[in-house]
Amino acid sequence: MDDFTEDAGRRLAARFEADRSHLTAVAYRLLGSATEADDALQEAWLRAREADLDEIRNLTGWLTTVVTRVCLNLLRARRNRREEFLDAQDSVHDTPAVSAEAGDPAREALLADEVGVALLVVLETLSPAERVAFVLHDMFAVPFEEIAPLVERTPAATRQLASRARRRVQGRPPAPAADAVRRRRAVEAFLAATRGGDFTALVALLDPDVVLHADALVVPTPAPVTVRGAEPVAQGAMAAVARAQVTGLALLDGEFGLVMAPYGRPRLVLAFGFGTDGRITRIDVVAEPERLRGTEIAVVDPAQTGTGGPGEVDH
């Protein structure tokens, strides 16, 4: 290597390390897997080392483009492979720690919580081009003119890709209700108490006569299961602490609920009913694939209290 090449290599390495957090964030949102994001960054680094840096003015932007191209290729290549993987996956009652795709389950759960489990679920339903357009524009403010060459569309068509993806992410807004805030907080509190194994807090959230219905794939059992009473339902939740780490708040057919989705793939949802005092009176736990496919899962806007949705303005 001559002196110029060595200097260029050091400059590239320094910029790559400085941008690693940003590049990982892009790759994770595009791929939904920390392991795959790491692989994408490694491939991007190998490609970057072959480039002529003299031709690059914005190195961070260029590295983002390289990572995106790698991720786009992975998204396109894995569609059939993922269907085969899901068919072979163990049933829903297995914890994420034993998943065949797991790299570092704790890291996966942390990243999923940062991004939002529901968002990862919806992103999985998008085409590769829609996902790239939405993630780069809506999450990283990349102009459509720069995204268009990556997805082989015009800027106008790329804008439409992002708009279509945004509508799917928003889903159906929750029905206006005077106690929408209280319902949302109750669902969030239920998740927090389950994650923390706080039996007392769970019982306080539940109506004494609460009824939980779980389909046969949740347990699993030969038939659906019904559990009645605050303490028995809370005891059942104590057995779901591992699942709760990859569970997040979502809109289920326009109502606040929870979705468990290791690696962005929905395995079960929890829908809730409430009494006049705001306590939970009903929990429906659904894992049957046909019923899951029939449930509209959407993202809850951090400011959402019963009306509106995220990103309503088409930029």
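Keep in mind it's a predicted model, so treat the numbers as computed, not measured.

**Student:** Outline the overall build of the protein, supporting the account with residue identities and numerical values.
**Tutor:** The number of helices and strands found in the protein is 14 helices and 7 strands. Considering the protein as a whole, with its 315 residues, one finds that 47% of them fall into the buried category. Contacts in the protein between residues at least 24 apart in sequence constitute 68% of all its contacts with a sequence separation of at least 6. Carbon and sulfur atoms provide 52% of the accessible area of the protein, an area that totals close to 15400 Å².

**Student:** Any chance you could break down the side chain of Asp-19 for me, citing the residues and the numbers?
**Tutor:** Relative to the helices and strands, Asp-19 is located in the loop between helix 1 (3–18) and helix 2 (20–31). When near neighbours in sequence (up to four residues on either side) are disregarded, Asp-19 contacts Thr-60 and Leu-63.

**Student:** Describe the environment of Asp-52, naming the residues involved and giving the relevant values.
**Tutor:** Looking at where Asp-52 falls in the secondary structure, it is placed in the loop between helix 3 (34–48) and helix 4 (59–88). In this structure, the C-alpha to C-alpha distance between Asp-52 and Ala-8, residues 44 residues apart in sequence, is 8.7 Å.

**Student:** Please set out the pattern of salt bridges residue by residue, giving values where relevant.
**Tutor:** Applying the stated criterion to the full structure yields 15 salt bridges. Among the salt bridges present, the one from Arg-47 reaches Glu-43, with a minimum N-O distance of 3.2 Å. In this pair, Arg-47 and Glu-43 both sit in helix 3, 4 residues apart, roughly one turn of the helix. A relative accessible area of 35% means that Arg-47 is categorised as partly exposed. Each of Asp-179, Arg-182 and Arg-183 takes part in one network of salt bridges that share partners.

**Student:** Quick rundown of the packing of aromatic side chains? Include the residues and the values.
**Tutor:** Applying the stated rule across the entire model yields 2 aromatic pairs. On the basis of an interplanar angle of 65 degrees and a centroid distance of 5.3 Å, the ring pair of Phe-16 and Trp-45 is categorised as edge-to-face. A residue pair is termed long-range when its members are at least 10 positions apart, and Phe-16 in helix 1 and Trp-45 in helix 3 qualify at 29 residues. Given a relative accessible area of 21%, Trp-45 falls into the partly exposed group. Ring geometry for Phe-190 and Phe-272: centres 5.3 Å apart, planes at 70 degrees, overall edge-to-face.

**Student:** Outline helix 10 (residues 180–196), supporting the account with residue identities and numerical values.
**Tutor:** When the terminal C-alpha atoms of helix 10 are compared, their 24 Å separation across 17 residues agrees well with the 24 Å that a helix rising 1.5 Å per residue should span. Turning to helix 10, its buried residues are Ala-180, Arg-184, Ala-186, Val-187, Phe-190, Leu-191, Ala-193 and Thr-194.

**Student:** Mind laying out the side chain of Thr-24, listing which residues take part and the relevant values?
**Tutor:** Mapping Thr-24 onto the fold places it in helix 2. Every residue in contact with Thr-24, bar those within four places of it in the chain, is listed here: Ala-37, Leu-41 and Arg-107.

**Student:** How would you explain unusual backbone geometry if you had to name every residue and give the values?
**Tutor:** The backbone phi angle of Glu-152 is positive, close to 55 degrees, even though this residue is not glycine. Structurally, Glu-152 can be placed in the loop between helix 8 (144–151) and helix 9 (155–170). The backbone of Asp-253 sits at a positive phi, close to 50 degrees, despite the residue not being glycine. Mapped onto the elements, Asp-253 comes out in the loop between strand 3 (247–252) and strand 4 (255–260).

**Student:** Which residues make up the sheet that holds strand 1 (residues 206–214), and what are the values?
**Tutor:** Read across the sheet, 7 strands follow the order 2-1-6-5-4-3-7 without closing on themselves; strand pairing throughout is mixed. Of all the strands in the sheet, the pair left with one neighbour each is strand 2 (225–228) and strand 7 (297–298). Summarising the sheet, strand 1 and strand 6 (residues 280–286) pair through 5 bridges and their orientation is parallel. Directly across from Leu-206, in strand 6, lies its bridge partner Ile-280. Here helix 12 (residues 230–238) sits on the sheet in contact with strand 1, strand 2 and strand 6, set at roughly 50 degrees to strand 1.

**Student:** Which residues make up the nonpolar core, and what values go with them?
**Tutor:** Where a protein is soluble and globular, its nonpolar side chains tend to be buried together. Residues Tyr-28 and Val-259 are the most contacted members of the largest nonpolar core, which totals 60 residues. Here this core gets 8 residues from one element, more than from any other, and that element is helix 4. When residues no more than four places from it in sequence are discounted, the contact partners of Tyr-28 are Ser-33, Ala-34, Ala-37, Glu-108, Leu-111, Ala-112, Val-115 and Leu-120.

**Student:** Which residues make up the pairing of strand 3, and what are the values?
**Tutor:** Taken across its 6 residues, strand 3 has 6 buried, putting it largely inside the fold. Note that strand 3 and strand 4 share 6 bridges and pair antiparallel. Among the inter-strand pairings, Leu-251 is bridged to a residue of strand 4, identified as Phe-256. The turn joining strand 3 and strand 4, which pair antiparallel and follow one another in sequence, is formed by 2 residues; a positive phi near 50 degrees is taken by Asp-253. With 2 bridges joining them, strand 3 and strand 7 adopt antiparallel strand pairing. Within strand 7, the residue paired with Leu-251 across the bridge is Ala-298.

Reading guide: rules and limits
Residues numbered from 1 in each chain as written. Predicted model: local features only at pLDDT ≥ 70, side-chain atom pairs only at ≥ 80, totals over all residues. Heavy atoms only, no water. Helix = DSSP H or I, 4+ residues; strand = E, 2+ residues; numbered from the N terminus. Buried < 20%, exposed > 50% of the residue type's maximum accessible area, 1.4 Å probe, protein only. Contact = heavy atoms within 4.5 Å. Areas by Shrake-Rupley, 256 points an atom, 1.4 Å probe, with all protein chains shown as cover. Salt bridge = Lys/Arg side-chain N within 4 Å of Asp/Glu carboxyl O. Phe/Tyr/Trp six-rings, centres within 6.5 Å; stacked < 30°, edge-to-face > 60°. Expected span 1.5 Å × (residues − 1). Pairing = 2+ DSSP bridges. Axes fitted to C-alpha atoms, helices over the stretch in contact; angles between N-to-C directions. Core = buried A, V, L, I, M, F, W, Y, C linked by side-chain atoms within 4.5 Å.

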